[in-house]
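Chain by chain, the residues run as shown.
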Amino acid sequence: MEGLGTWSLITAALMILLLPGSLEECGHISLSDPIIHLGGPVTASCTIGQNCRHLKLQSEILWKLESEFQPGGRQQHLPDGSLESTITLPHLNHTQAHLSCYLRWGNSLQILDQTELQAGYPPPKPYNLFCLMNLTINSLICQWEPGPDSHLPTNYTLKSFQSRGNCQTQEKPIPDCIPAAGQSHCSIPRKYLLLYQNIGIRVQAENKLGTSLSPQLCFAPMDLVKLEPPILKALAPRPEGDPAQPGCLWLHWHSQNSTLFIKQKCELRYQPHLAEVSWALVAPLPSRILRHELCGLLPATAYILQLRCIRSPLPGHWSDWSPSVELNTTEQAPIVRLDTRWKQRQLDPRTKDVQLFWKPMPQEEDSGRIQGYLVSWRPLGQVGAALLLCNTTELSCTFQLPLEARKVVLVAYNTGGTSRPTLVDFMESRGKGGWQAKEHCDLGKLLTSLDLYLLI
């Protein structure tokens, strides 16, 4: 009966110990440092206080790191009656882990306390600190690279001050700029800046293991000004009033209001639309004449164009590229030789019927597409516009002429203009049928330039 009574007391004591409130009062873990250098040692102690006097001397405290038991705990009874176990983990290779101490009582194992360990590195020096002055939002914007992950929460602060010379001495502090969580950029409002006076600026990184500073920059804010993208458009009509040349585009641009009075230079890039080719660059463009004729392009082709500008000749940053503009070059006028033949018959003493046929023979690899053909005639001695006989997309035309009429003019045309005219002289051959090779003549001797535009 005595043995049974002893076992009942032990069971009752253990039940009391396992109550949640009792556990909190019985065990507690203390650490040498809750945040340590990754790979370094950490020492922890688990103490069972005097309030748990029901524990026997043979009680054992065990340790777990995450789910693995850790050997090496040194257990001792303290003079005040407390039971303490101390363990040293020589190399903590977890950036975050839970350390727990347990009590073994008979065949039972119960947790006494648990704590979280954190390990990492002191913050690396931020690098690639880069700033620009944005005149649109009137702020100095700075960004940086935070460096390798320290595995610990790290705070960044942009620290700056007004100075003269090379920023070796501080003249007036500027309020710290603290970026939003997770961000690596910050803005200093214009009211804290003198645009043409130097400021010293650097980034401070800080966590529980230390502090680091980026290399310092020293500059006048206006030397880092970034212009807003210019506005690029087509210029139509051309300033001289002449039609656009094939393979050419006439452009103009203007600055946005915030950079309107800043001297600058610009560069243009372009590429054919839907073509898998790299951008072609035109630089520098005239800084005072805000227009440019871009030639040497493919005729009848859509191009994508963008423009950017920079402060010049003083320092600054390139603007972003302007919004894309899509423009089409004009067509190349047809470059063809028109071989002709004809049939004619007399209808009455004053009139004849003519059937004219032709065949276009391109004279260049890129001779321009043909949209249609014009046949015209000017009565001998008549001043003014020529008489249009045919405007057709076919390769033939039938018309009537006075019996004495000897010559007509044939041209091919498209939106880019007309081909060189072919003079058809009905007196060259009296036979019907058969191709007749034709000489080219100066259109000015037969039709004025205005005549041809009217005919088209």
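Every value quoted in this text rests on a predicted model; they were computed, and no experiment measured them.

The rules behind the values
- Residues numbered from 1 in each chain as written.
- Predicted model: local features only at pLDDT ≥ 70, side-chain atom pairs only at ≥ 80, totals over all residues.
- Heavy atoms only, no water.
- Helix = DSSP H or I, 4+ residues; strand = E, 2+ residues; numbered from the N terminus.
- Buried < 20%, exposed > 50% of the residue type's maximum accessible area, 1.4 Å probe, protein only.
- Contact = heavy atoms within 4.5 Å.
- Areas by Shrake-Rupley, 256 points an atom, 1.4 Å probe, with all protein chains shown as cover.
- Phe/Tyr/Trp six-rings, centres within 6.5 Å; stacked < 30°, edge-to-face > 60°.
- Salt bridge = Lys/Arg side-chain N within 4 Å of Asp/Glu carboxyl O.
- Pairing = 2+ DSSP bridges.
- Disulfide = S-S within 2.5 Å.
- Axes fitted to C-alpha atoms, helices over the stretch in contact; angles between N-to-C directions.
- Polar contact = N/O pair within 3.5 Å; in protein donor to acceptor, adjacent residues only side chain to side chain.

Along the protein chain, the regular secondary structure elements total 3 helices and 33 strands. Of all 456 residues assigned to the protein chain, the portion counted as buried reaches 42%. The contacts of the protein chain with a sequence gap of at least 6 include a subset with a gap of at least 24, amounting to 63%. When the accessible surface of the protein chain is summed, it comes to about 25600 Å², and 52% of that surface belongs to carbon and sulfur atoms.

Before going further, it helps to examine the packing of aromatic side chains. Both the distance between ring centres and the angle between the ring planes are used here to describe each pair of aromatic rings. Summed over all chains, the structure comprises 4 aromatic pairs. Note on Y270 and Y303: the rings are 6.0 Å apart at their centroids and 65° apart in plane angle, and the pair reads as edge-to-face. Here Y270 is found in strand β21 (residues 264–272), whereas its partner Y303 is found in strand β24 (residues 302–311), with 33 residues between them in sequence. Y270 sits in the buried class, given a relative accessible area of 16%. With a centroid separation of 5.4 Å and 55° between ring planes, the pair formed by W358 and Y373 is classed as tilted. Pair noted here: W358 is in strand β27 (residues 351–362) and Y373 is in strand β28 (residues 372–377), with a separation of 15 residues, a long-range link.

Enumeration over the complete set of coordinates arrives at 8 salt bridges. Across the pair E60 and R104 runs a salt bridge, and its minimum N-O distance is 3.9 Å. Taken together, the residues span a long stretch of sequence, with E60 in strand β4 (residues 60–65) and R104 in strand β8 (residues 96–105) at a distance of 44 residues. Given the relative accessible area of 32%, E60 is considered partly exposed. Residue classification places R104 among the partly exposed residues on the basis of a relative accessible area of 39%. Among the ionic pairs, R337 bridges to D339, the shortest N-O distance being 2.4 Å.

Turning to the pairing of β4, a few remarks are in order. With 5 of 6 residues buried, β4 lies mostly within the body of the structure. The pairing of β4 with β8 spans 6 bridges and is antiparallel. Looking at the pairing, K64 lines up with S100 of β8. Bridging between β4 and strand β5 (residues 68–69) involves 2 bridges; their strand directions are antiparallel. In the sheet register, K64 faces β5, and the bridge partner there is F69.

With that out of the way, let us pick up the state of the cysteines. Taken as a whole and judged by the stated rule, the model has 7 disulfides. Between the sulfur atoms of C46 and its disulfide partner C101 the distance amounts to 2.1 Å. Across the S-S bond linking C46 and C101, the dihedral sits near 50°, which makes this disulfide right-handed. Placement of the pair is C46 in strand β3 (residues 42–48) and C101 in strand β8, with a sequence separation of 55 residues. No difference in accessibility class separates C46 from C101, as the two residues are buried. Covalently, C167 is tied to C218 through a disulfide, its sulfur atoms 2.0 Å apart. For the disulfide bridge between C167 and C218, the dihedral angle about the S-S bond is near 75°, and by the sign convention the bridge is right-handed. A residue pair is termed long-range when its members are at least 10 positions apart, and C167 in the loop between β12 (155–162) and β13 (172–177) and C218 in strand β17 (residues 217–219) qualify at 51 residues. Owing to a relative accessible area of 3%, C167 belongs among the buried residues under this scheme.

In this section: the sheet that holds strand β23 (residues 291–294). Pairing in this open sheet of 3 strands is antiparallel, and the strands run β19-β20-β23 from one edge to the other. Edge strands, defined here as strands with exactly one partner in the open sheet, are β19 (231–234) and β23. Strand-to-strand twist of the sheet, defined as the mean angle between neighbouring strand axes without regard to direction, takes the value 25°. Examined bridge by bridge, β19 and strand β20 (residues 249–254) share 4 bridges and lie antiparallel to one another.

By the element assignment, H317 lies in the loop between β24 and β25 (325–328). Overall, H317 belongs to the buried group, its relative accessible area being 17%. Each C-alpha atom, one on H317 and one on L132, is 7.3 Å from the other, the two residues being 185 residues apart in sequence. Not counting chain neighbours up to four residues away, the residues in contact with H317 comprise F130, C131, L132, L224, V225, K226, L227, C309 and I310. Among the polar contacts made by the side chain of H317, one reaches the main-chain carbonyl oxygen of C131 at a distance of 3.0 Å.

So, on to the sheet that holds β3. Overall, antiparallel pairing links the 4 strands, which are arranged β1-β3-β7-β6 in an open sheet. The open sheet has two free edges, formed respectively by β1 (27–31) and β6 (74–77), since each of these has just one partner strand. Strand-to-strand twist of the sheet, defined as the mean angle between neighbouring strand axes without regard to direction, takes the value 20°. In the sheet, β3 pairs with strand β7 (residues 83–89) via 7 bridges, with the strands oriented antiparallel. For S45, the partnering residue across the bridge sits in β7 and is T86.

Attention now moves to unusual backbone geometry. The omega angle of the peptide bond from A283 to P284 is -10°, so this bond is cis rather than trans. Within the element layout of this structure, P284 appears in strand β22 (residues 280–285). The phi dihedral of E66 falls on the positive side, at around 55°, and the residue is not glycine. Following the sequence through the fold, E66 ends up in the loop between β4 and β5. Despite not being glycine, H151 has its phi angle at roughly 70°, a positive value. Mapped onto the elements of the fold, H151 is located in the loop between β11 (139–145) and β12.

Within the secondary structure, R311 is located in strand β24. For R311, a relative accessible area of 8% corresponds to the buried category. In terms of polar contacts, R311 uses its side chain to reach the backbone carbonyl oxygen of M222, at 2.7 Å. For R311, the side chain forms a polar contact with the main-chain oxygen of P315, separated by 3.1 Å. Setting aside residues up to four positions removed in sequence, R311 forms contacts with Y196, M222, D223, V225, L227, I262, K263, Q264 and G316.

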